[in-house]
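Here is how the chains run, residue by residue.
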Amino acid sequence: MRALRDMTTIQIEITNACNKCCSNCTRFCGHHKKSFFMNYETFTRSVDSLDGYQGTIGIMGGEPTLHPQFERFVRFIAAKFGKNPATQRLVYPLKDFIKAQQRRDYESFRTVDDTFKAVGPGLWSNMGVSYKKHYEIINDTFFVQILNDHINPIFHQPGLVARKDLGISDDDFFKLRDKCWVQNEWSASITPKGAFFCEIAAALDMLFDGPGGWLIEPGWWKREPKDFGDQLHWCELCGFALDTFMRDGTEEIDDVSETLYEKLKNIGSSKLKSGRVNLIKVENGQIAEESKLENKRFSAAMPYAEKWEDRFNAMNSVLFASKYDIVDIENSEDFGIKLNKLLDTLGEWIVVKHPDVQLVDDFCERMSKYVLNPGTMHWLDLSKSNDMEFVKSANNNGFVAMFNKNALSLREFGYDRIAHVKSIYEIIAMWQPNKVVELSSAINKSSGLLSRIKNGRYAIWGTGMAGNHAVDAIQCAGAVLVCAVDRNCAKHGKDFNGMPIQAPEYLLQHSDEFDWVIAANYTHYEEIKREAIDLGIDKNKVLRITDI
């Protein structure tokens, strides 16, 4: 087990309310009779208790953006940590939202004690309607976001499985528990009932009305495994350290063992009553194949999702706007009064333009292919530009302005002040300057990842999130990706950015085909470098992911 200070993230669970009911949810959403919502005093105390912690302070649920005080919570975080240093990237319209989000996160990371991580606030969300509502302030504030809309198949291991139901002895279980991937890879957690050494223990305590956690006080996160004490009893009811199976999260069915099934009955679980619980059958200490239904995908190395991009479904995401209200308006003494009427009566996205300006016929259709930051003013002054990407005719004094009526700039300016505005130029002048983007052919200017890669041929060692960052850097630099290798044999032969993943030995056999190897792992560079050298690769050819 890990000491809490060594974790890359510690979560603050502000609610277990969720708009999803995924199979085998780690927060057991769907079982609770009533959702909790952390109060503001507990939240601020939780954040302050982590002063000095060198890692990501995660805000999580359930779906955290459903909390009725979410914006207030975020404003407290913003006041404490300042703005996200990489916020500008997500001001621009995005056709490839999830990759842009990855790149933005990458720019917020730094090396701390030989670990590559973000030190500051992070958000875990499924990108529903409430996330869209808060999109602007989220991207102004959080240094990192772990996003997953749970629309595509995402495989979840059962959490509600008791080791005694599988006949696992104390000695064997203690070994499994101490190597549990959740405690070693995920995080400690704070709920309204206190602080916990493990986020699953925190969720179990909430589900089964346990005794609560440690006091939320400065330095609680300095505890080591020897200090976990009575909290370890929750491991007896947790299946994540066990060798079980996985289920597609979209099925909305939980797999539980007998002990947990009875406990769910005792608390009156809504999900159990609705028939969305599968009681697993155990034969001679093994889960029967029939209990796994059609899920044959599990292996010890089975990924949560095939690719990082699978966390976002561009066909069905609510983040894309489908409607734009286009209105003609001229600069005049009553411009502000007219604008206020538009804000009162029209939908979220409004396009105001000079009457002489004609937009391209497919303007709305083209815009619907972008994820737009609702805090951004998309603006074209045709007295200074002749860019015709979205305009097909105009006089030299025309303008087009596209904005969301819920933008912070408008809300902070205020209804009364807007009423006295006489032209669109005054609106532009009062808008947050870094959120004014030209509505022109430069619309995708932010899509590339700044890269220090030189032109040449590259191999990538590591095919996870860091591997995808490396691919983006190679592509943006116009360099050549030759191959990708990984030590995980379960990945061999699978697709990675259009090529099959190879075993590391492939590098030795094809050493004349590449100039450099990128060690695409944030925490194990030295280990990968040693293995590459042992294979006969020149040490000067092995690059650190943080160097590109």
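Residues numbered from 1 in each chain as written. Predicted model: local features only at pLDDT ≥ 70, side-chain atom pairs only at ≥ 80, totals over all residues. Heavy atoms only, no water.

> Sorry, what's going on with the nonpolar core here?
Inside soluble globular proteins, nonpolar side chains tend to come together where they are buried. One finds Ile12, Phe43, Phe97 and Trp220 to be the most contacted residues of the largest nonpolar core, which totals 76 residues. Non-local contacts of Ile12, meaning those with residues more than four positions away in its chain, are made with Met38, Phe43, Ser46, Val47, Leu50, Ile57, Gly58, Ile59, Met60 and Ile190. By size, the runner-up hydrophobic cluster in this structure holds 23 residues, among which are Ile350, Met377, Ala407 and Ile424. (Core = buried A, V, L, I, M, F, W, Y, C linked by side-chain atoms within 4.5 Å. Buried < 20%, exposed > 50% of the residue type's maximum accessible area, 1.4 Å probe, protein only. Contact = heavy atoms within 4.5 Å.)

> When you look at unusual backbone geometry in this model, what are you seeing that I'm missing?
Leave glycine aside and you will find that most residues have negative phi; peptide bonds, for their part, are mostly trans. In this structure, Gly62 follows Gly61 across a cis peptide bond, with omega equal to 20°. Mapped onto the fold, Gly62 is located in the loop between strand S2 (56-60) and helix H2 (70-81). Of note in the backbone geometry, Glu252 takes a positive phi value of approximately 60° without being a glycine. For Glu252, the location among the structural elements is in the loop between strand S10 (247-248) and strand S11 (254-256). (Helix = DSSP H or I, 4+ residues; strand = E, 2+ residues; numbered from the N terminus.)

> How do you make sense of the sheet that holds strand S1 (residues 9-13) when you look at a structure like this?
What holds strands together in a sheet is hydrogen bonding between their backbones, with the strands either parallel or antiparallel. Spatial ordering of the open sheet is given by S6-S5-S2-S1-S8-S9, a layout of six strands whose pairing is mixed. Each edge of the open sheet is held by one strand with a lone partner, namely strand S6 (144-147) and strand S9 (194-196). This sheet shows a mean twist of 20° between the axes of neighbouring strands, independent of strand direction. Summarising the sheet, strand S5 (residues 120-125) and S6 pair through four bridges and their orientation is parallel. Following the sheet pairing, Trp124 is matched in S6 by Ile146. Where helix H1 (residues 40-49) meets the sheet, it contacts S1, S2 and strand S8 (188-191), and its direction lies at approximately 170° from that of S1. Seen against the sheet, helix H8 (residues 199-207) touches S1, S2, S8 and S9 and runs at an angle of roughly 30° to S8. (Pairing = 2+ DSSP bridges. Axes fitted to C-alpha atoms, helices over the stretch in contact; angles between N-to-C directions.)

> Please clarify how the packing of aromatic side chains should be interpreted in this entry.
Within a pair of aromatic rings, the relevant descriptors are the distance that separates the centres and the angle that separates the planes. Scanning all chains against the criterion turns up 21 aromatic pairs. Between the aromatic rings of Phe97 and Tyr135, the centroid separation amounts to 6.1 Å while the plane-to-plane angle is 45°, which identifies the pairing as tilted. Within this pair, whereas Phe97 is found in helix H3 (residues 97-108), its partner Tyr135 is found in helix H5 (residues 135-141), the two being separated by 38 residues in sequence. The burial state of Phe97 is the same as that of Tyr135; both residues are buried. (Phe/Tyr/Trp six-rings, centres within 6.5 Å; stacked < 30°, edge-to-face > 60°.)

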